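Structure at a glance
Letter by letter, the chains look like this.
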Amino acid sequence: MNAPSLPDATRLPLSEARIADDVFRGMRQDNLARWPSGADVDFDEAVDLHKRLPLHKQLGWVMRKAVAERRCLTQPRGGFGTFEMQRALMVALDNEGLADIVPTTTDSYTRNEQWQLAQKGLEESETVGRSMLNGYPMVNYGVARARELIEAIDKPAIMLTGTTMPRLTSEIAFAGGYSGYLGSGIAYTTSYIKELSIEDGIRNYQYLDRLAAMYHEHGVELHRRQPGFLTGTNIPPSIAIITCVLDCLLAAAQGVKNYGVEMGETLHMVQDAAAVAACGELCQEYLAKKGHHGVFTPVTLLHWMSAWPQDEAQAAALISYGGTLAAISGAASVTTKSTHEAFGIPTPQANAEGLRMTRMAIYLARHIRLDGLAEFKREKELIGREVRAIIDRVLEMGDGDVAVGTVRAFEAGVLDIPWSPNRHCRSRVLPARDFDGYLRVLDPGLMPFPRDAMAIHEEALRKRAEREKVPFGPDLAVNSVYEISEPLGKLLPDQWE
Amino acid sequence: MNAPSLPDATRLPLSEARIADDVFRGMRQDNLARWPSGADVDFDEAVDLHKRLPLHKQLGWVMRKAVAERRCLTQPRGGFGTFEMQRALMVALDNEGLADIVPTTTDSYTRNEQWQLAQKGLEESETVGRSMLNGYPMVNYGVARARELIEAIDKPAIMLTGTTMPRLTSEIAFAGGYSGYLGSGIAYTTSYIKELSIEDGIRNYQYLDRLAAMYHEHGVELHRRQPGFLTGTNIPPSIAIITCVLDCLLAAAQGVKNYGVEMGETLHMVQDAAAVAACGELCQEYLAKKGHHGVFTPVTLLHWMSAWPQDEAQAAALISYGGTLAAISGAASVTTKSTHEAFGIPTPQANAEGLRMTRMAIYLARHIRLDGLAEFKREKELIGREVRAIIDRVLEMGDGDVAVGTVRAFEAGVLDIPWSPNRHCRSRVLPARDFDGYLRVLDPGLMPFPRDAMAIHEEALRKRAEREKVPFGPDLAVNSVYEISEPLGKLLPDQWE
Amino acid sequence: MKVLVTGVIGSDTHIVGNRILSMALEKAGYKVVTLGALTPAGEFIKAAVETNADAIMVSSLYGQGELDCRGFRDLCVEAGLDDILLYVGGNLVVGKQPWSEVEERFLAMGFDRAAPPGTRIEAVIEWLARDFAARERGLRRAEA
Amino acid sequence: MKVLVTGVIGSDTHIVGNRILSMALEKAGYKVVTLGALTPAGEFIKAAVETNADAIMVSSLYGQGELDCRGFRDLCVEAGLDDILLYVGGNLVVGKQPWSEVEERFLAMGFDRAAPPGTRIEAVIEWLARDFAARERGLRRAEA
Ligand code: B12
Ligand code: B12
């Protein structure tokens, strides 16, 4: 379990530098040999396949079009354990959900390269006729099946693989006609695994980024994407954006040109709008600083990523508000959830309903922008100051190398992620929601946030502690984990005191 | 059918003046004699009953408390044809819906004082076991049953009677312990009936307002409310607010002190926020001008009042957004709909779900205010200019008397209501939604809106006509009636051009 | 030119759809007699007799249509309008009920067609065209 | 002092609820051995043997718990932990399934208690207190 991916024979010292072509050739060969389906990957043929796809089935093109037309696209998650279920799901999300982007979520064994276990889960799912896996075992089903999935829909498809080990899954998906791939070295390594080192996570994604760039160099613009939502648990925008910028710089160094960045919604309308604006700008600022030109960085928001309420009516409001927030913040796309979120992986129907609620919410709010509000400006500026303080420190620690700086910064606690399962991440930083509904940093751990920024966070959180008569301390963070999942009668009582 | 209520023997010339006590005594006597259940109304006993109700079951107190604590309360609609169904509904709305205010909607026969027909409908409903009436026949069931309904819930109750003839229904409801009553002479007469004159509608509500004021004079503060949503069909805020102000002045003249004003949501976040702020201020401005002091005028928003989409997912988004808009605009309460809206009167369960969606949406957006936005200020100022231009003209036409001015203004078309069924209302004014999502006046009819204000409306609507390649004319208004009810694929296509 | 009588039956104030429908039918080339909101059943018949109408289009939105529309066909027959084309449309019953049942109930009352909630005018215009054409061929109305 | 082993089984990364639970159990007076996320079944048993634990608290959120937890009780028995108290909790299966069926499935696997999605820590602490008390009285566990 948790086996780190095989050490490359050609392991060079860690650096952000573009993997050399000959080295990469060797890496690919080894990689594709790890499971029988790897043999079906033929790069040149895959390039041809992508070139034959209509533009509206190519996510790189679609994301650019969305930004040009100021559209906010919808994308669900979705993966089932058998091919037939997966195809039916994708068709439903396309037709009944009007999804602009159709996903394939892999199962958790595949995520951890436990293809033997995935095979057992797949077979049992086929036998019992219900999904025993929490996603689609992409590697086991292989390239030809992937192509059938792409043929079944009329939208671009994205891989959602929540993994630190994307090397084989991505080879097969790209060869199958998938034009989007979500995942990154820093974000996923800190959020989805316990033992793997940050360094290994970065290396694994350098492979994927180089692969995507290679397609680009052959005339196929794939869409790479970064999961800045991290552990999904009350992540303040600055912490998300720090990872967006760093992962983006790592990808750009491998030659990636179409790189989306994602953030979970804070559920505070002003904070989300400020975060989306700040995120796009900060990515571009650091790309320019590091000399990477022409990298397209659309911003995606995700529906609430922490604990959900069980009441489907409350969940419906959370879904709709998720669409509202994405539209108002000017996000290029929004990743949706369903009314089943608190319970389990949704049925195709519930998933499609979540898409339609979100789409209607986007329609209703598409005209609204908050840029003129004083609170918006203040929040955006605050986020910028926090992000710059930390990224500059990381670059310094790496003597200008993002990969090296990142690893050292995690060791030192300069980079940190709340609620991380990873042993190589201190996870001392602790967020909480303040009295006005903003996500704030309760305890920075060792992260060097500017002193005046921390003063703002602390004051806002003390205000909450005072008003709600809870001690100023970790309880605030724990309460904030539960808050949105609480029953309505607790959130907004219908009795007067 | 459509029988105007009996002309009072003591019919005096129309004026806004407070009905004299002795005259009113005679009016009440005649009124209560019109149906057997009228005999059960004993004013003094009713006053005692209200005084014994706990504060949290008195809507006058609850509305003041909501404003003081900046809460946005939820209130559904709801009426079924039999007592048992009505009680079960009210209990469900209270317990499962967490409604802050529990309604009783009367059926349409009762609304038109066709109590014989109501009786037949009631009996048939009891026999077949499903509601054949679209509301609760309050007059037929009478005072004692009303009291049982009040006892069954732990919230204040409001009567929703969509009628121009509220005299007997209100007597019975107040005697039964209802502490809120929605309805007004101008708004309902222009929106709910074909033949009745504006004058008669005003007179009927002068009776109700005087009755409510009489309770007040005996130490019971009831909550009166005005339905400024009118025909619910794309009413621009200024037209709603004109009726809010005029109806409010008429009520204040009868001595009413606790008078809510309602508006349907425009679904444009900035316009709704501006409308709520403007409405409260304009009511107070004209109350002061006319020398009415200490009148409390909380503002209520209503979920979208025109045609709804059939898809329940779309409807859920519209419900949630309705809560968001009410919270952000700082409304004191919001009147909710359900996912069944496009089809028919909702089940208690669907109704309760609509309440919970709304309540969750309120919770999520409770911190947001838009007052700082330039668009907000511009819109609020525009509304103010439009309302003042017309109200000042109405007062002038009535030589200072609101009742007289209103009747003359409707005759002259100076006052007008879009999509009115009433023969005494020209209904030449025609609204439509503009390119940026604001509701605008497409054709002012004879309403004397300021020229520069009309220029703003026209420009915004021409922009829409141009972009959507439809002629600038009534088609814009008709399209705007359908718009929100259209299927999603039409509103926000998932195909690229 | 075919003559159509439109109106909203009973104590029902919902005029918007009926008005839009009436405007569209006029544009489509019919002579339309509009009775407006809150129209008693008898007034539909009276207007139809007076104008020698070819069809009556009853709107009912508020849910009590099931009560208001009972015996409507009988009233027509009594007035000698045995064969007049009768349509009804809107939100015909109280609550969200399965449409097939509701339709059956209204067809049983003698309406030739019943339109479900949210019916668009294009559909109504097509019905009329096809039904009048069918009548030329001696049929009661065209196929569904 | 009673010893509890906690962890998230299989390839499951969901650490938040497990961590909050572990913190709360410690506060409630237990000695808690925390194995964290992505913990193979064998490691739970190993830790329980080494620390002579009184109970094992298995978290599973990601849906594959049904596969991961099979044979867990057998592993315990093999390791000589015949009577150790076994709890499991989280989102135990894929999708929204009726809880009573899910519970039954996990009790049949040999868990003493299964906690439905969203269970609050207060409830877990109460279970533990009652079950340990029941064991003093020689019972397997307290009533539901
Ligand atoms: C936050 C979250 C994440 C975060 C996790 C961050 C982290 N490292 O912990 C991230 C974003 C990384 C994530 C990833 C994934 N997630 Co996730 N996630 C959630 C979410 C939204 C909240 C979970 C949470 O933190 N709750 C708050 C804590 C306090 O509550 P809790 O975990 O339920 O724990 C409490 C109780 O359950 C109980 N309890 C817990 N353990 C135990 C044990 C015992 C013995 C007892 C008695 C009680 C008990 O006590 C705890 C404290 O009160 C849930 C949905 C939801 N609940 O709203 C989905 C959910 C758990 N995730 C899900 C899935 C599928 C995934 C992914 C596989 C794929 C994906 N969709 O992205 C990946 C997993 C990758 C992997 N290999 O595991 C599914 C599981 C589906 C199913 N069972 O059918 C859920 C239910 C969402 C859904 N409806 O699809 N996820
Ligand atoms: C706007 C509206 C109002 C406005 C009406 C303004 C006015 N004077 O016209 C106001 C606010 C005043 C109002 C009042 C009430 N309303 Co109302 N209202 C609506 C609403 C939201 C939209 C109706 C509308 O204008 N649609 C747009 C037009 C273009 O569509 P349409 O009317 O459906 O007409 C089209 C088709 O149906 C078809 N059609 C119509 N007639 C005919 C006839 C024929 C022969 C054919 C073939 C086709 C056809 O063609 C039309 C054009 O496309 C509907 C719910 C909905 N649909 O979303 C509720 C609704 C109709 N109202 C309802 C009710 C109950 C009431 C009230 C009794 C009480 C209340 N809840 O407030 C009062 C009625 C008082 C009275 N005495 O009648 C209910 C009816 C319930 C039921 N049937 O079970 C509804 C369905 C809402 C609900 N779900 O509860 N309402």
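A few points on the structure. (Residues numbered from 1 in each chain as written. Chains lettered and ligands numbered in written order. Predicted model: local features only at pLDDT ≥ 70, side-chain atom pairs only at ≥ 80, totals over all residues. Heavy atoms only, no water.)

Side note on the overall build of chain A
When its secondary structure is counted, chain A shows 19 helices and ten strands. Against the globule reference of 23 Å for 497 residues, chain A gives a C-alpha radius of gyration of 21 Å, in line with a compact fold. In terms of principal-axis extent, the alpha carbons of chain A reach across some 65 × 50 × 45 Å. Of all 497 residues assigned to chain A, the portion counted as buried reaches 70%. Of all intrachain contacts in chain A linking residues separated by at least 6 positions in sequence, the fraction that spans at least 24 positions is 76%. About 15600 Å² of surface is accessible on chain A, with carbon and sulfur atoms providing 51% of the total. (Helix = DSSP H or I, 4+ residues; strand = E, 2+ residues; numbered from the N terminus. Rg over C-alpha atoms; globule rule 2.2 N^0.38 Å. Buried < 20%, exposed > 50% of the residue type's maximum accessible area, 1.4 Å probe, protein only. Contact = heavy atoms within 4.5 Å. Areas by Shrake-Rupley, 256 points an atom, 1.4 Å probe, with all protein chains shown as cover.)

Topic: the relation of the copies chain A and chain B
You can overlay chain A on chain B at an RMSD of 0.0 Å; the transform is a turn of 180° with a shift of 0.0 Å along its axis. On this basis, the relationship between the two copies can be described by a two-fold rotation axis. Measuring from the rotation axis to each C-alpha of chain A, the shortest distance belongs to A:Leu373, at 2.7 Å. Mapped onto chain B, 100% of the interface residues of chain A are again interface residues, and the two copies thus contact each other with one and the same surface. (Least-squares fit on C-alpha atoms with pLDDT ≥ 70 in both.)

Some remarks on the coordination of the cobalt atom of ligand 1
Within the protein, just one atom coordinates the cobalt atom of ligand 1: D:His14 (NE2), at a distance of 2.1 Å. Structurally, D:His14 is set in the loop between β1 (3-8) and α1 (16-27). (Donors = N, O, S within 2.8 Å, 3.2 Å for Na, K, Ca; no water.)

Thoughts on the site of ligand 2
With respect to spatial proximity, 49 residues lie near ligand 2, and among them B:Trp308, B:Tyr482, C:His14, C:Ile15 and C:Ser59 are the closest. At ligand 2, the nearby residues belong to more than one chain, namely chains B and C. C:His14 is positioned with one of its side-chain polar atoms (N or O) 2.8 Å from a nitrogen atom of ligand 2. Put simply, the parts of the chain that give the shell around ligand 2 at least two residues each are α5 (108-111) and α18 (474-482) of chain B together with α1 (16-27), β3 (55-60), β4 (85-90) and α6 (121-136) of chain C. (Near = heavy atom within 4 Å. Polar contact = N/O pair within 3.5 Å; in protein donor to acceptor, adjacent residues only side chain to side chain.)

Focus: the interface of chain C and chain B
Contacts between the two partners involve 32 residues from chain C and, on the opposite side, 37 residues from chain B. Summing both partners gives a buried area of about 2800 Å² for chain C against chain B, and 52% of it is carried by carbon and sulfur. The largest contributions to the chain C side of the interface with chain B come from C:Leu38, C:Lys96 and C:Arg120, which together make up 21% of the buried area. Our count for the chain C to chain B interface comes out at five salt bridges. (Buried area = accessible area lost by both parts, 1.4 Å probe. Salt bridge = Lys/Arg side-chain N within 4 Å of Asp/Glu carboxyl O.)

Brief notes about the sheet that holds β1(D)
All names here are of chain D. The five strands are arranged β2-β1-β3-β4-β5 in an open sheet whose pairing can be described as parallel. Each edge of the sheet is formed by a strand with only one pairing partner; in this case those strands are β2 (31-34) and β5 (113-115). On average, each strand axis in the sheet is tilted by 20° relative to the strand beside it, whichever way the strands run. Bridge count between β1 and strand β3 (residues 55-60): five bridges; the pairing is parallel. Residue pairing across strands places Val-8 opposite Ser-59, the latter belonging to β3. Against the sheet, helix α5 (residues 99-108) engages β4 (85-90) and β5, with an angle of about 140° to β5. (Pairing = 2+ DSSP bridges. Axes fitted to C-alpha atoms, helices over the stretch in contact; angles between N-to-C directions.)

Focus: the packing of aromatic side chains
For any pair of aromatic rings, the description consists of the separation of the ring centres together with the inter-plane angle of the planes. A full pass over the atoms with the stated rule returns 30 aromatic pairs over all chains. Aromatic pair A:Tyr188 and A:Phe229: ring centres 6.4 Å apart, planes at 70°, arrangement edge-to-face. Highlighted residues: A:Tyr188 in helix α9 (residues 185-191) and A:Phe229 in the loop between β5 (223-226) and α11 (237-253), separated in sequence by 41 residues. No difference in accessibility class separates A:Tyr188 from A:Phe229, as the two residues are buried. Each member of the aromatic cluster is reached from another via a ring pair, and the members are A:Phe43, A:Phe174, A:Tyr181 and A:Tyr215. Geometry around B:Trp496 places A:Arg71 over its ring, the cationic atom sitting 4.7 Å from the centre. Lying across the ring of B:Phe83, B:Arg145 places its NZ or CZ 4.1 Å from the centre. (Phe/Tyr/Trp six-rings, centres within 6.5 Å; stacked < 30°, edge-to-face > 60°. Lys NZ or Arg CZ within 6 Å of the ring centre and 35° of its normal.)

Let's talk about the packing of helix α15 (residues 374-397) of chain A against helix α16 (residues 402-412) of chain A
Residue and element names in this part refer to chain A. At a minimum axis distance of 7 Å, the contact between α15 and α16 shows a crossing angle of 110°. Classified by the angle their axes make, α15 and α16 are roughly perpendicular. Taken together, the residues of α16 that come into contact with α15 (itself represented by Val-394, Leu-395 and Met-397) are Val-402, Gly-405, Thr-406, Arg-408, Ala-409 and Ala-412. Across the contact of α15 with α16, the residue classes tally to six nonpolar, two polar and one charged. (Parallel < 35°, antiparallel > 145°, perpendicular 65-115°, else oblique. Nonpolar A, V, L, I, M, F, W, Y, C, P; charged D, E, K, R; others polar.)

Some details on the interface of chain A and chain B
Contacts between the two partners involve 59 residues from chain A, matched on the other side by 59 residues from chain B. Across the pair B:Lys155 and A:Asp494 runs a salt bridge, and its minimum N-O distance is 2.7 Å. Applying the counting rule to chain A against chain B returns 13 residue pairs in polar contact (both at pLDDT 80 or more). Sorting the residues of the side of chain A that touches chain B by element identifies α3 (59-68), α12 (269-289), α13 (312-329), α14 (348-365) and α19 (488-491) of chain A as the ones contributing at least two each. The element best represented in the side of chain A that touches chain B is α14(A), accounting for ten residues. Class assignment for the residues of the side of chain A that touches chain B results in 32 nonpolar, ten polar and 17 charged.

Describing the nonpolar core
One finds A:Tyr178, A:Met263, A:Leu370, B:Tyr178, B:Met263 and B:Leu370 to be the most contacted residues of the largest nonpolar core, which totals 332 residues. Beyond its immediate sequence surroundings of up to four residues, B:Leu370 is in contact with A:Leu370, A:Leu373, B:Met269, B:Val270, B:Ala273, B:Ile328 and B:Phe376. (Core = buried A, V, L, I, M, F, W, Y, C linked by side-chain atoms within 4.5 Å.)

Concerning the site of ligand 1
Neighbouring ligand 1 are 49 residues; A:Trp308, A:Tyr482, D:His14, D:Ile15 and D:Ser59 lie closest to it. What surrounds ligand 1 is not a single chain but chains A and D. Take A:Glu341: an N or O atom from its main chain is 2.8 Å from a nitrogen atom of ligand 1. In the model, a nitrogen atom of ligand 1 is placed 2.9 Å from a nitrogen or oxygen of the D:Val93 main chain. Those elements that provide at least two residues to the shell around ligand 1 are α5 (108-111) and α18 (474-482) of chain A together with α1, β3, β4 and α6 (121-136) of chain D. When residues in the shell around ligand 1 are grouped by element, the largest group, four residues, is from β4(D).

Things to note about the arrangement of the chains
Counting contacts across all three pairs of chains found in contact, the highest total belongs to chains A and B. For the non-touching pair chain B and chain D, the nearest C-alpha separation works out to 18 Å.

What about the packing of helix α7 (residues 138-152) of chain A against helix α8 (residues 167-176) of chain A?
Residues and elements named next belong to chain A. Taken N-terminus to C-terminus, the directions of α7 and α8 make an angle of 20°; their axes are 8 Å apart at the nearest point. It follows that α7 is roughly parallel to α8 by the angle criterion. You can see that α7 and α8 cross each other, and the crossing is right-handed. Contacts between α7 and α8 involve Met-138, Val-139, Gly-142, Val-143, Ala-146, Arg-147 and Ile-150 on the former and, on the latter, Leu-168, Thr-169, Ile-172, Ala-173, Ala-175 and Gly-176. In terms of residue class, the contact of α7 with α8 is made up of nine nonpolar, three polar and one charged. (Left-handed = near helix turned anticlockwise from the far one by under 90°.)

Points about helix α4 (residues 83-95) of chain B
Residues and elements named next belong to chain B. In this model α4 runs 18 Å from its N-terminal to its C-terminal C-alpha over 13 residues, within 8% of the 18 Å that 1.5 Å per residue would give. Looking only at α4, the buried set comprises Phe-83, Gln-86, Leu-89, Met-90, Ala-92, Leu-93 and Asp-94. In this fold, the buried residues of α4 make contact with β2 (102-105), α7 (138-152) and α14 (348-365). (Expected span 1.5 Å × (residues − 1).)

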